[in-house]
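# Observations on the model geometry
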Amino acid sequence: MLQFVLIFGLLMLTCTRSFCQTITQKYDIEIAGITIGHMTVAQVTSPASVVYDQTCNVEFWFFGKIRIAYKTLSRFDPNTSQLLRSDIDAHSNRGDYLSDVIWQKDHYDINVKQYKYERKAVETQPIDFTAMQLYFEEPVGRSRVFAEYFGDYATIEPTRKGSYRIRIDDREDEYFYENGKLIKIIKKNPIKNFVIRLSNS
């Protein structure tokens, strides 16, 4: 949690000293047409950084009540578009998890620990496009995206105009855009798909 406080504090300090532009999008999370949670994603741009801030809260019943709350912060260099740091803080009634991806001058240290998924790795190539940016940028012409949650790359496959299939390991999502704006994500699940839909409110 401390790293979130430090990053957010630095961001707010930068914004108070200079121009800062924020774009916010809200999404509803559904299963079988029933809303089970909400997500807010913000892009905060200043001369010192570009930060993507995502918060999500979900509650549903699956052989018992499931509660999930997580926050992702990804910070980029505004001049080179390179990812500098990403942190994920997840809390649920099945445990608490922390993950981070940190640029260390010539490589990234990747330490991911989430529910039933862990990865430790080193990546030497600068990362310039991540899953957080998919909320604000249609991946036209791109073949892969770095997924902060997994600490690894996912493939991007266009399926039709404004629609993309994104795969990593055995997981698959579909992203839908209208006029370059993300309006819906279908997260494939063997039991029941989750739908993340742009909120009208």
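Read on for a plain summary of the structure. (Residues numbered from 1 in each chain as written. Predicted model: local features only at pLDDT ≥ 70, side-chain atom pairs only at ≥ 80, totals over all residues. Heavy atoms only, no water.)

## Some details on the pattern of salt bridges
Considering all chains together, one arrives at 14 salt bridges under this definition. Between Asp-53 and Lys-71 there is a salt bridge, and its shortest N-O distance comes to 2.7 Å. Here Asp-53, found in strand S3 (residues 50-61), pairs with Lys-71, found in strand S4 (residues 65-76); they are 18 residues apart in sequence, far enough to count as distant. For Asp-53, a relative accessible area of 14% corresponds to the buried category. Residue classification places Lys-71 among the partly exposed positions, given a relative accessible area of 24%. Between Glu-174 and Lys-188 there is a salt bridge, and its shortest N-O distance comes to 3.3 Å. Here Lys-188 lies in the loop between strand S13 (181-187) and strand S14 (194-198) and Glu-174 lies in strand S12 (residues 171-178), a separation of 14 residues in the sequence. Glu-174 sits in the buried class, given a relative accessible area of 13%. Connected via shared salt-bridge partners are Glu-157, Arg-165, Arg-167, Glu-172, Glu-174 and Lys-188. (Salt bridge = Lys/Arg side-chain N within 4 Å of Asp/Glu carboxyl O. Helix = DSSP H or I, 4+ residues; strand = E, 2+ residues; numbered from the N terminus. Buried < 20%, exposed > 50% of the residue type's maximum accessible area, 1.4 Å probe, protein only.)

Note that all results are geometric; they support no functional claim without further evidence.
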